[in-house]
Amino acid sequence: MMIRRCKESETENIFSIINDAARAYIGVIPADRLKNPYMPMDELRHEINSGVEFWGCEEDNELVGVMGIQNVKDVTLIRHAYVRTARRNHGIGAALLSYLRTMTGRPILIGTWADASWAIRFYEKNGFRQVSPEEKDRLLKTYWTIPDRQVETSVVLKENDRSNPI
């Protein structure tokens, strides 16, 4: 397993991984937030152009998982964390998260869907905790650019061990 920065030429692979993994959201997240594809190519390119830097996990010369990191104001956001459906539960997401955590001394925040219980459990298992609903709303409006409906249906997690207050 090798963690490395994704190349611009791998945008199609990133797109494929995100939309394969996002099938898990069908019937889970609110129907009005689900699109097909989940993340269209123009949205992915917008995220990259807005400063999301994708890192990938490669196994046997194949990109099998991706996770983005983005510095916003005084924090670092973990964005768009996805592992190919066939490769889940093999430590890929944990390896990516662990690697990205070493890349910053800033407080780290993660937003995810409130109904994606598996994602919340994953982040909690890896040293993050959910913030209060009031703090969630404040953080999402301060550090993310997302619709109000997504704010309503999301949670924010922050690291347990970072001493920097947000």
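Now for a look at the structure at hand.

Calculation criteria
Residues numbered from 1 in each chain as written. Predicted model: local features only at pLDDT ≥ 70, side-chain atom pairs only at ≥ 80, totals over all residues. Heavy atoms only, no water. Helix = DSSP H or I, 4+ residues; strand = E, 2+ residues; numbered from the N terminus. Rg over C-alpha atoms; globule rule 2.2 N^0.38 Å. Buried < 20%, exposed > 50% of the residue type's maximum accessible area, 1.4 Å probe, protein only. Disulfide = S-S within 2.5 Å. Pairing = 2+ DSSP bridges. Axes fitted to C-alpha atoms, helices over the stretch in contact; angles between N-to-C directions. 1 Å grid on protein atoms, 1.4 Å probe; cavity = no way out; pocket = protein on both sides within 12 Å on 5 of 7 lines; lining within 4 Å. Points joined across faces, edges and corners; volume = space filled by probe spheres on them. Nonpolar A, V, L, I, M, F, W, Y, C, P; charged D, E, K, R; others polar. Polar contact = N/O pair within 3.5 Å; in protein donor to acceptor, adjacent residues only side chain to side chain. Phe/Tyr/Trp six-rings, centres within 6.5 Å; stacked < 30°, edge-to-face > 60°. Contact = heavy atoms within 4.5 Å.

## Describing the overall build of the chain
- A tally of helices and strands in the chain yields 6 helices and 7 strands.
- The C-alpha atoms of the chain give 15 Å as radius of gyration, which agrees with the globular expectation for 166 residues (15 Å, within 12%).
- Oriented by its inertia axes, the alpha-carbon framework of the chain measures out at about 40 × 35 × 30 Å.
- Residues counted as buried form 48% of the 166 residues belonging to the chain.

## Here's the deal with the state of the cysteines
- Overall, the coordinates contain 0 disulfides when judged by the stated rule.
- Sulfur of Cys-6: no disulfide; nearest cysteine sulfur belongs to Cys-57 and is 10 Å away.
- Residue Cys-6 is classed as buried on the basis of its relative accessible area, which comes to 11%.

## Some words on the sheet that holds strand E1 (residues 2-5)
- Taken together, the 7 strands give an open sheet; going across it, the order is E1-E2-E3-E4-E5-E7-E6, and neighbouring strands pair in mixed fashion. Each end of this open sheet is capped by a strand with a single partner; those strands are E1 and strand E6 (128-130). Ignoring which end each strand starts from, the neighbouring axes of this sheet average 30° apart.
- Relative to strand E7 (residues 154-159), strand E5 (residues 108-113) runs antiparallel, the two being bridged by 5 bridges. Bridging from a neighbouring strand, Gly-111 pairs with Val-156 of E7.

## Remarks on the layout of surface pockets
- Empty space within the second largest pocket amounts to approximately 250 Å³.
- Lys-7, Glu-8, Thr-11, Ile-48 and Val-52 are, among the 13 residues lining the second largest pocket, the residues nearest its centre.
- For the lining of the second largest pocket, the elements supplying multiple residues, two or more each, are helix H1 (11-21), helix H2 (41-49) and strand E2 (53-59).
- At 3 residues, H2 tops the list of elements feeding residues into the lining of the second largest pocket.
- When its residues are assigned to classes, the lining of the second largest pocket shows 5 nonpolar, 3 polar and 5 charged.

## Digging into the side chain of Ser-154
- Checked against the element boundaries, Ser-154 lands in strand E7.
- In this structure Ser-154 comes out as buried when scored by relative accessible area, which is 6%.
- Within polar-contact distance, the side chain of Ser-154 engages the backbone oxygen of Gln-150 at 2.6 Å.

## Overview of the packing of aromatic side chains
- Counting across every chain of the model gives 7 aromatic pairs.
- Between the aromatic rings of Tyr-123 and Phe-128, the centroid separation amounts to 6.3 Å while the plane-to-plane angle is 75°, which identifies the pairing as edge-to-face.
- Here a set of aromatic residues connected by ring pairs shows up, and it is made of Tyr-25, Tyr-38, Tyr-82 and Trp-118.

## As for the side chain of Asp-20
- Positionally, Asp-20 belongs in helix H1.
- A distance of 2.3 Å separates the side chain of Asp-20 from the side chain of Arg-23, its partner in a polar contact.
- Those residues within four positions of Asp-20 in sequence are excluded, and the remaining contacts are Arg-84 and Thr-85.

## A word on the environment of Leu-100
- Within the element layout of this structure, Leu-100 appears in helix H3 (residues 92-101).
- For the pair Leu-100 and Thr-76, spaced 24 residues apart in sequence, the C-alpha to C-alpha distance is 9.9 Å.
- Ignoring sequence-local partners within four residues, the contact set of Leu-100 consists of Trp-55, Met-67, Gly-68, Ile-69 and Ile-78.

These figures capture arrangement, not role.
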